[in-house]
Amino acid sequence: MDNKQSQIPLYKAITDFIDNQNISLHVPGHKNGEIFVARAKEYFQSFLQMDLTELAGLDDLHAPEGVIQEAQQLAADWFQSSYTYFLVNGSTVGNLAMILATCDSGDQVLVQRNCHKSILHGMELAGVQPIFLPPAYNKINQRYTAPSVATVKKAITEYQEAKAVILTYPDYFGDIYPIQEIIDLAHSYNITVLVDEAHGCHFSLPSLPVPSTVELGADVVVQSAHKMTPALTMAAYLHVQSSRVARERISYYLQMLQSSSPSYPIMASLDLARYYLATFTPEQSKDLFAYIEKIRACFNDSDDWVLEQSDDPLKVCLRVKEGVNSQDVKQLFEEEKLYPELITDKHILFILGLEPTIDPNILIDKIRRITNRLIFCSKRATIEEKNHYFNEDITLLALSYADMRHQKQKWCNWKEAAGKITAEAIIPYPPGIPLLAKGEEISETKIKKIQDLLDQNISFQPKNRRNGLYIYDVTEGE
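What counts, and where the lines are drawn
- Residues numbered from 1 in each chain as written.
- Predicted model: local features only at pLDDT ≥ 70, side-chain atom pairs only at ≥ 80, totals over all residues.
- Heavy atoms only, no water.
- Phe/Tyr/Trp six-rings, centres within 6.5 Å; stacked < 30°, edge-to-face > 60°.
- Buried < 20%, exposed > 50% of the residue type's maximum accessible area, 1.4 Å probe, protein only.
- Pairing = 2+ DSSP bridges.
- Helix = DSSP H or I, 4+ residues; strand = E, 2+ residues; numbered from the N terminus.
- Contact = heavy atoms within 4.5 Å.
- Axes fitted to C-alpha atoms, helices over the stretch in contact; angles between N-to-C directions.
- Expected span 1.5 Å × (residues − 1).
- Arc of directions from axis to C-beta.
- Polar contact = N/O pair within 3.5 Å; in protein donor to acceptor, adjacent residues only side chain to side chain.
- UniProt positions renumbered as here; feature names shortened; annotations may be inferred.
- Salt bridge = Lys/Arg side-chain N within 4 Å of Asp/Glu carboxyl O.

Chemist: Would you mind going over the packing of aromatic side chains with me for this structure?
Modeler: Centre-to-centre distance and the angle between the planes together describe a pair of aromatic rings. A complete count under the given rule lists 17 aromatic pairs for this structure. On the numbers, 5.0 Å between centres and 45 degrees between planes, the contact of Phe 36 with Phe 44 is tilted. Residue class for Phe 36 comes out partly exposed when judged on its relative accessible area of 32%. Among the aromatic residues, those joined into a cluster by ring pairs are Tyr 137, Tyr 144, Tyr 389 and Phe 390.

Shown next, in the form of structure tokens:
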């Protein structure tokens, strides 16, 4: 390991400041934790002492030239990027900034259709023309994956003015695809590649079998440090490594979109997350893989689910068998104090950490109790359904973002919604991938899928859409 990577400049500057017992005559108003709600003070105390502001020696996130700059440079060196930004508003702000910095109003942008809602929001803010790339469907795992290389090539051929391609890697379940081929293909046409790698921050570890798209040459890559590495919620990185994207524009939009009072605890956790990855030893890797093997054995196939394989070893996904209600399984897990990351109508996803956090013997006892209780749960009838609810063709929005600004909206019942244009995104959350994107034509297949998910109590954003949604009041023939 590079000796520099053992440094944690921002964290050290914060702790040195605390140890100096400085008197707060500045914001924030809790005054180094001296003023706080008494009943919560014990839990918050150490955290509040780190909650500082842009004081002498602590640098400025939006114009770094001291310890924040040093910490970002160490991160860039570790992740192998040209420049790395610390983000305090999650991957969301990174996705918004990379799109706004790369694309101008009216630009054609190729985008993976099953993308996170923040990608759609970024394109709307930029006023681009999205060209949606249909994802392939994995019949075994019964879920969508990513666009094929052939699909991307077809889109590039048909839309030769495309400015950028926006991809998600890995997916929420930890699966990857031949993204290197797509990056190389796009670059051969001088198309910028932007990647939402929210779930891939730990791919920088040499011991993991999957590469990061930073390593593979994507132009801008955004990673959620808090999802898969030890960092606070909302801690994320944005990596730039291409002259195709002006770094000054990235900086400009991050200043515009992020708080002017960034969280020092969040930034310190980014410094520490990089340090954690850089100092992760081969012995720790060996212990981790042994632990993962034991945990996966605990979840082994049962009468109620199948244990899926994942490219990311930290992801453990169960696919419930026909007739089994995933919500029933989730409830039993939670009653055993085991909280999954994601529930769909077919899948239950668990995310492991980079170190052991549960005794496999305890886990296997809990799972045994769950499977025994599932015997008494009522089974549902197998319903034949059309799985392909995403269009299998390359598609565009029915209305441009510019046109949407001038359209009136009205409420529409689901029974009358087919063929209409949705004025809002309808999003199962998590994972935050819209089944309906704002400005999209509503199909009968998607209505059925949404209603099936609502019947299974899958969470949606926005709430209260069981009976219908808002559509654009477009006169037929317009």
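Chemist: What am I meant to see in the sheet that holds strand β13 (residues 347-351) here?
Modeler: With antiparallel pairing, four strands are arranged side by side in an open sheet as β10-β11-β13-β12. At either end of the open sheet lies a strand with only one pairing partner, and these are β10 (305-307) and β12 (342-343). Alignment of strand β11 (residues 315-320) against β13, held across five bridges, turns out to be antiparallel. Within β13, the position partnered with Cys 317 by the bridge is Leu 349. The strands touched by helix α13 (residues 326-335) are β10, β11, β12 and β13; relative to β13, the strand with the most contacts, the crossing angle is about 35 degrees.

Chemist: Looking at this structure, how should I read helix α14 (residues 360-374)?
Modeler: What sets the pattern is the α-helix's 3.6 residues per turn: residues three or four places apart point alike. An ideal rise of 1.5 Å per residue puts 21 Å on 15 residues; α14 measures up with 21 Å between its terminal C-alpha atoms. Taken as a whole, α14 has its buried residues at Pro 360, Leu 363, Lys 366, Ile 367, Ile 370, Thr 371 and Leu 374. On an axial view of α14, the arc spanned by its buried residues comes to 135 degrees, and they lie on one face. Close packing links the buried residues of α14 with α12 (282-298), β10 and α13. Between the side-chain oxygen at the start of α14 and the backbone nitrogen of Asn 361 there is a gap of 2.8 Å, and the oxygen is on Asp 359.

Chemist: What am I meant to see in the UniProt feature "domain: Orn/Lys/Arg decarboxylase C-terminal" (unreviewed entry) in the protein here?
Modeler: Residues annotated by UniProt as "domain: Orn/Lys/Arg decarboxylase C-terminal" (unreviewed entry) correspond here to residues 398-452. Secondary structure across residues 398-452 divides into 24% helix and 13% strand, with the first and last C-alpha atoms of the span separated by 25 Å.

Chemist: What is the right way to read the pattern of salt bridges from this model?
Modeler: A side chain of one charge can pair with a side chain of the opposite charge when the charged atoms of the two come close. Scanning the model with the defined rule gives 22 salt bridges in all. Among the salt bridges present, the one from Asp 107 reaches Lys 163, with a minimum N-O distance of 3.4 Å. With Asp 107 in the loop between α4 (90-102) and β2 (108-112) and Lys 163 in the loop between α6 (149-158) and β6 (164-168), this pair connects stretches of sequence that are 56 residues apart. A relative accessible area of 32% places Lys 163 in the partly exposed class. Two residues, Arg 274 and Asp 271, come together in a salt bridge whose shortest N-O distance is 3.0 Å. One end of the pair, Arg 274, and the other, Asp 271, are both in helix α11 (residues 264-278), three residues apart, so they sit about a helical turn from each other. Look at Arg 274 and you get buried, because its relative accessible area is 0%. The buried category is assigned to Asp 271, whose relative accessible area is 1%. When salt bridges with common partners are traced through the structure, they connect Arg 143, Asp 175, Glu 308 and Arg 319 into a single cluster.

Chemist: Explain the environment of Lys 4 here, please?
Modeler: Along the polypeptide, Lys 4 turns up in the segment before α1 (9-19). We classify Lys 4 as partly exposed; its relative accessible area is 48%. Taking C-alpha positions, Lys 4 is 19 Å from Leu 58, a pair spaced 54 residues apart along the chain.

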